Amino acid sequence: MRYIAAYLLLKLANPEATPTADAITKVVSAGGVDVDSERINKLLSALEGKEIEELIAEGSSKLASVPSGGAAAPAGGAAGGAAGAAAEEKPAEEEEESDDDMGFGLFD
């Protein structure tokens, strides 16, 4: 991801230029991260001749088909309701315990 992010930053800075391995290396190493030049070369060969806008659109359509796990939300909501009821009971117990200050109050 860091190499793709560096590529996109360089492309955003100069849309007419194609980012080079040296430029990507400088961006990534400026963040204090170790650079793997083999991965940068793989990225550049995979992106060669492709438009970034098309790749982003293609990736977005692929992500739209990924299930997001929405069916689990109602089960979590029911558990949250039980936790809320337990939280309501605790303050009453804490008030009983806090009354036992042995007659020495902070502002007495």
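Here the structure is a predicted model, which means the values were calculated and not measured. (Residues numbered from 1 in each chain as written. Predicted model: local features only at pLDDT ≥ 70, side-chain atom pairs only at ≥ 80, totals over all residues. Heavy atoms only, no water.)

*Asks:* Teacher, can you tell me more about the overall build of the chain here?
*Replies:* A count of helical and extended segments in the chain gives five helices and zero strands. Each helix (α) and strand (β) of the chain, taken in turn from the N terminus, gives the series α-α-α-α-α. With 108 residues in all, the chain has 10% of them scored as buried. Counted over contacts in the chain with a minimum sequence separation of 6, partners at least 24 positions apart contribute 42%. (Helix = DSSP H or I, 4+ residues; strand = E, 2+ residues; numbered from the N terminus. Buried < 20%, exposed > 50% of the residue type's maximum accessible area, 1.4 Å probe, protein only. Contact = heavy atoms within 4.5 Å.)

*Asks:* Help me out: how do you make sense of the nonpolar core in this one?
*Replies:* Soluble globular proteins: nonpolar side chains tend toward being buried together. The biggest cluster of nonpolar side chains holds ten residues, and these are Tyr3, Ala6, Tyr7, Ile24, Val28, Ile40, Leu43, Leu44, Leu47 and Ile52. The set of elements that each furnish at least two residues to this core consists of helix 1 (2–13), helix 2 (21–30) and helix 3 (37–47). No other element matches the four residues that helix 3 contributes to this core. With residues up to four places along the chain from it excluded, the contact list for leucine 43 reads Tyr3, Ile4 and Tyr7. (Core = buried A, V, L, I, M, F, W, Y, C linked by side-chain atoms within 4.5 Å.)

*Asks:* So what exactly am I meant to see when it comes to a nonpolar patch on the surface here?
*Replies:* A cluster of nonpolar side chains, Met1, Ile4, Leu8 and Ile56, forms an exposed patch at the surface whose accessible area comes to about 430 Å². Residue placement: isoleucine 56 occurs in helix 4 (residues 52–64). (Patch = residues over 30% accessible without salt bridge, like charges linked within 9 Å, V, L, I, M, F, W, Y side chains within 5 Å. Areas by Shrake-Rupley, 256 points an atom, 1.4 Å probe, with all protein chains shown as cover. Salt bridge = Lys/Arg side-chain N within 4 Å of Asp/Glu carboxyl O.)

*Asks:* What is the right way to look at the layout of surface pockets in this model?
*Replies:* Unfilled space is identified by rolling a water-sized probe across the atoms. Empty space within the largest pocket amounts to approximately 240 Å³. Forming the boundary of the largest pocket are 14 residues, of which Tyr7, Lys11, Lys50, Glu51 and Ile52 lie nearest the centre. Of all the secondary-structure elements, those providing two or more residues to the lining of the largest pocket are helix 1, helix 3 and helix 4. Looking at which element gives the most residues to the lining of the largest pocket, the answer is helix 1, with four residues. Its residues assigned to classes, the lining of the largest pocket comprises seven nonpolar, two polar and five charged. Every residue along the wall of the second largest pocket is listed here: Ile4, Tyr7, Leu8, Leu43, Leu47, Ile52, Leu55 and Ile56. Listed by contribution, the elements that provide at least two residues to the lining of the second largest pocket are helix 1, helix 3 and helix 4. Looking at the lining of the second largest pocket residue by residue, the class counts come to eight nonpolar, no polar and no charged. (1 Å grid on protein atoms, 1.4 Å probe; cavity = no way out; pocket = protein on both sides within 12 Å on 5 of 7 lines; lining within 4 Å. Points joined across faces, edges and corners; volume = space filled by probe spheres on them. Nonpolar A, V, L, I, M, F, W, Y, C, P; charged D, E, K, R; others polar.)

*Asks:* Which parts of the structure should I look at to understand helix 3?
*Replies:* Helical geometry: 3.6 residues make up each α-helical turn, so side chains three or four residues apart lie on a common side. Among all positions in helix 3, only Ile40, Leu43, Leu44 and Leu47 are buried. The buried residues of helix 3 occupy an angular sector of 95° when the element is viewed end-on, so they sit on one face. Within helix 3, the exposed residues directed more than 90 degrees away from the buried face are Glu38 and Lys42. Where helix 3 is buried, its residues meet helix 1, helix 2 and helix 4. (Arc of directions from axis to C-beta.)

*Asks:* When you look at the environment of threonine 25 in this model, what are you seeing that I'm missing?
*Replies:* With respect to the helices, strands and loops of the structure, threonine 25 is situated in helix 2. Other than its neighbours up to four places away in sequence, threonine 25 contacts Val35 and Ile40. From its side chain, threonine 25 meets the backbone oxygen of alanine 21 in a polar contact 2.7 Å long. (Polar contact = N/O pair within 3.5 Å; in protein donor to acceptor, adjacent residues only side chain to side chain.)

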